[in-house]
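Spelled out, the chains give:
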Amino acid sequence: MREVAARAGVSIATVSFVVNGSRSVSAGVHRRVTDAMGELGYTNNVVARALASKRTRIIALLFPALEQRLGGIALHMFMNAATRASELGYHLVLWPTGQTDDDVRELVSGRLFDGVLVMEVQLRDSRVEALLELGLPFVSMGRTSQNDRVPYVDMDFEEAVEQGLDHLQSLGHRSIGLVLEDFAGTPIVGYGPTARTEEAFRTSIARRGLRSAIVTSGQSAAGGRQAARELVESLPDVTGVLMLKDDATGGLQSGLAESGREVPRDVSVVLLASSTAAGAATEPAMTTLNAPGAEMARLAVEALVARLDAGAGAAGAAGDGTDAGTGADAAAELTQVLLPCVLHVAGSSAPAPAPRAS
């Protein structure tokens, strides 16, 4: 630090402020210090800084990569979370885990991270339960069935279903199917978005007095074709479909075509929690309810950093080595945010056709 200070023409305290981010300095001074560090070959030692400050400034994003493919929306969320964390002075690392609390306990025991973001949340999620018990600051990117103590940022799947049904019903559709991902036999049965979408669909369909059927789809095109066959068998007069499974969209279209139904002439399709880019991957382009992935990731990181900073402030005020996690729980507000999806109308939705001849 003395060498860097001498090279940059600043005090040792100023070098400390730049290295630790403990106090703001002007952009010019910051650049002189970092340039001097580069010229002298010095870099921050994360381990040493963590030992001194009891903070690593690293956030882990828990993602069950063994069970769930890191798809387009999830990858987009991860990249936006990493960008926002960097802007706030933190590093974000993707931490593939299983779905058991043992994985979380092992992670927490090493204290490699200041806090945790949780993705792909189930209604009953042992990872969330373990984090609550262990007291490590976290924010859930999704909701469990019991959220009284859980800080979360989530998409409003219930409202997305309402928007999708409003759109189809406004076009005259009264026989509507729902296609969900098939999680049977996997470790993530009870996946929050799927369960909430199904419950919202059943409730809204009953209230609206519409005809309906719910089918599940396996992976990719083959799963979509099978879902189309089952949907036509269950609901022969189907004219509208809500779908929560982007990678099976092409298969659904081809499966409907095999039964003599074209999109959108005979059947309109709306993708839930999707994106305009995913919708454009087929012909015609799909009408989508676009997921607020970027905003969700940004808000989750900001909420977690607020908890970490509140915890550090509480521990510093105590002056007795109080655990930062406990301080965060006491000092930070419980963030609970639902974000709406945005309807993007494209070529896959059209007025309902005349009833098919029996």
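Structure's up top.
Residues numbered from 1 in each chain as written. Predicted model: local features only at pLDDT ≥ 70, side-chain atom pairs only at ≥ 80, totals over all residues. Heavy atoms only, no water.

Student: Would you mind going over the overall build of the protein chain in detail, with residue names and values included?
Tutor: When you go through the protein chain residue by residue, the secondary structure sums to 14 helices and twelve strands. The proportion of buried residues among the 358 residues of the protein chain is 48%. Across the protein chain, contacts joining residues at least 24 apart in sequence account for 70% of those joining residues at least 6 apart. With an accessible surface of roughly 16300 Å², the protein chain has 53% of that area assigned to carbon and sulfur atoms. (Helix = DSSP H or I, 4+ residues; strand = E, 2+ residues; numbered from the N terminus. Buried < 20%, exposed > 50% of the residue type's maximum accessible area, 1.4 Å probe, protein only. Contact = heavy atoms within 4.5 Å. Areas by Shrake-Rupley, 256 points an atom, 1.4 Å probe, with all protein chains shown as cover.)

Student: Residues and numbers for the packing of aromatic side chains, please.
Tutor: Applying the stated criterion to the full structure yields two aromatic pairs. Here the aromatic rings of Phe-183 and Tyr-191 are separated by 5.2 Å at their centres, their planes lie at 65°, and the arrangement is edge-to-face. Like Phe-183, the residue Tyr-191 is buried in the burial classification. One Lys or Arg, Arg-57, reaches over the ring of Tyr-90 and ends 4.3 Å from the middle of that ring. (Phe/Tyr/Trp six-rings, centres within 6.5 Å; stacked < 30°, edge-to-face > 60°. Lys NZ or Arg CZ within 6 Å of the ring centre and 35° of its normal.)

Student: Can you break down the packing of helix 10 (residues 220-234) against helix 11 (residues 249-258) residue by residue, with the values?
Tutor: Their axes nearest at 7 Å, the elements helix 10 and helix 11 cross at an angle of 40°. Between helix 10 and helix 11, the crossing angle belongs to the class labelled oblique. For the crossing formed where helix 10 meets helix 11, the hand is right-handed. Residues Ala-221, Gly-224, Arg-225, Ala-228, Arg-229 and Val-232 of helix 10 touch helix 11, and the partners they reach there are Gly-251, Leu-252, Ser-254, Gly-255, Leu-256 and Glu-258. (Axes fitted to C-alpha atoms, helices over the stretch in contact; angles between N-to-C directions. Parallel < 35°, antiparallel > 145°, perpendicular 65-115°, else oblique. Left-handed = near helix turned anticlockwise from the far one by under 90°.)

Student: I'd love a proper account of helix 9 (residues 192-208), names of residues and values included.
Tutor: Helix length check: helix 9, at 17 residues, gives a terminal C-alpha distance of 24 Å against a target of 24 Å (1.5 Å per residue), a fit within 8%. Residues of helix 9 that are buried: Gly-192, Pro-193, Thr-194, Arg-196, Thr-197, Ala-200, Phe-201, Ser-204, Ile-205 and Arg-208. Remark: Gly-209 follows helix 9 within two positions and exhibits a positive phi of approximately 70°. (Expected span 1.5 Å × (residues − 1).)

Student: Hey, could you go over the nonpolar core for me, with residue numbers and the actual values?
Tutor: In terms of nonpolar packing, the biggest core is built from 46 residues, with Ile-59, Leu-92, Leu-117, Met-141, Phe-201 and Leu-242 touching the most fellow members. In terms of residues, this core owes the most to one element, helix 13 (residues 293-318), which gives nine residues. Not counting residues up to four positions away in its chain, the partners in contact with Leu-92 are Ile-59, Leu-61, Phe-78, Ala-81, Ala-82, Ala-85 and Leu-117. Counting residues in each nonpolar core, the second largest holds 19 residues, with Ala-213, Ala-228, Val-232 and Leu-271 among its members. (Core = buried A, V, L, I, M, F, W, Y, C linked by side-chain atoms within 4.5 Å.)

Student: Summarise unusual backbone geometry; cite the residues concerned and give the values.
Tutor: Geometrically, the link from Val-263 to Pro-264 is a cis peptide bond, its omega value of 5° lying close to zero. With respect to the secondary-structure elements, Pro-264 resides in the loop between helix 11 and strand 9 (268-274). In this chain, Glu-283 is followed by Pro-284 through a cis amide linkage whose omega measures 0°. Locating Pro-284 in the fold gives a position in the loop between helix 12 (276-279) and strand 10 (287-290). Positive phi is not limited to glycine here, since Glu-120 has a value of about 55°. Its location among the elements puts Glu-120 in the loop between strand 3 (115-118) and helix 7 (126-134).

Student: Tell me about the packing of helix 2 (residues 12-20) against helix 3 (residues 27-40), residues and numbers included.
Tutor: Helix 3 packs onto helix 2 with a crossing angle of 85° between their chain directions and a minimal axis gap of 10 Å. Taken together, the axes of helix 2 and helix 3 lie roughly perpendicular to each other. Note on element contacts: helix 3 touches helix 2 through Val-29, His-30, Val-33, Thr-34 and Met-37, opposite Thr-14, Val-15, Val-18 and Val-19.

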